[in-house]
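Chain residues, written in single-letter form:
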Amino acid sequence: MCCDETPLRVGPKEPKPGRKKADKYLLVACTQWWTHYQVGDRDLATFTAFVVKDLTASVVVHDRYQNYDSAGLGTLVHQLCCAHLLRDLDGAAEVYPDAVWPKRISDAPRALIHETNVAREQNRPGIDPQVKAKLLYNLHHGVLVGL
């Protein structure tokens, strides 16, 4: 289940006391077959009222926002959003232009995503194990270089 929250300009023009903006957030949870929307704040109360806590059998893909890790949502299986991670690695490559690790790390998930899409298009059950092993090796060694 993919989750995200994005600001919306709804509600009063004046923010509530203690807030800088009067924005609300649109929270979205979706799968291949289903989408759930909820308007609220980006606080824990809104997150606990959101559908995420009821879907404990799902893998929750998100952007690392702290509320996804709250015990108030129950025990969830997490996957960090690859688009967010790749954007962070692109940023690291700009900050450290001479470093090899940002590109090496980001190349592996991009290739894994590509290989997954190819396997899906060809009705294969998964990525070729040797290709997968090579890409994971590159990923792990990129992380080691970065560390």
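Conventions adopted
Residues numbered from 1 in each chain as written. Predicted model: local features only at pLDDT ≥ 70, side-chain atom pairs only at ≥ 80, totals over all residues. Heavy atoms only, no water. Axes fitted to C-alpha atoms, helices over the stretch in contact; angles between N-to-C directions. Helix = DSSP H or I, 4+ residues; strand = E, 2+ residues; numbered from the N terminus. Parallel < 35°, antiparallel > 145°, perpendicular 65-115°, else oblique. Left-handed = near helix turned anticlockwise from the far one by under 90°. Contact = heavy atoms within 4.5 Å. Core = buried A, V, L, I, M, F, W, Y, C linked by side-chain atoms within 4.5 Å. Buried < 20%, exposed > 50% of the residue type's maximum accessible area, 1.4 Å probe, protein only. Polar contact = N/O pair within 3.5 Å; in protein donor to acceptor, adjacent residues only side chain to side chain.

*Asks:* Can you help me understand the packing of helix 3 (residues 101-121) against helix 4 (residues 129-146) in this one?
*Replies:* Each packed pair of helices is defined by two parameters, the angle between the axes and the distance between the axes. Direction vectors running N to C along helix 3 and helix 4 enclose 155 degrees, while the axes themselves pass 8 Å from each other. By the angle between their axes, helix 3 is roughly antiparallel relative to helix 4. As helix 3 runs across helix 4, the sense of the crossing is left-handed. Facing helix 3, whose interface residues are Trp 101, Arg 104, Ile 105, Ala 108, Pro 109, Ala 111, Leu 112 and Glu 115, helix 4 presents Val 131, Lys 132, Leu 135, Leu 136, Asn 138, Leu 139, His 141, Gly 142, Val 143, Val 145 and Gly 146.

*Asks:* Help me understand the nonpolar core, please; the structure alone is not making it clear to me.
*Replies:* Grouped burial of nonpolar side chains is what soluble globular proteins tend to show. One finds Cys 3, Val 52 and Val 60 to be the most contacted residues of the largest nonpolar core, which totals 14 residues. Those residues within four positions of Val 60 in sequence are excluded, and the remaining contacts are Met 1, Cys 3, Val 52, Tyr 68, Leu 76, Val 77, His 78 and Gln 79.

*Asks:* What's the story with the environment of Lys 16 in this structure? I'm lost.
*Replies:* Structurally, Lys 16 is set in the loop between strand 1 (2-8) and strand 2 (24-30). Look at Lys 16 and you get partly exposed, because its relative accessible area is 47%. C-alpha separation for the pair Lys 16 and Ala 99, spaced 83 residues apart in sequence, amounts to 45 Å. Excluding residues that lie within four positions of it along the chain, Lys 16 makes contacts with Lys 24 and Asp 41.

*Asks:* In this structure, what is going on with the side chain of Glu 5? I would like to understand it.
*Replies:* If you trace the backbone, Glu 5 turns up in strand 1. At a separation of 2.8 Å, a polar atom in the side chain of Glu 5 contacts the side chain of Arg 42. Here the side chain of Glu 5 touches Tyr 68 through a polar contact of 2.7 Å, side chain to side chain. If we skip the residues at most four places from it in the chain, Glu 5 touches Tyr 25, Leu 26, Leu 27, Arg 42, Phe 47, Asp 63, Tyr 65 and Tyr 68.

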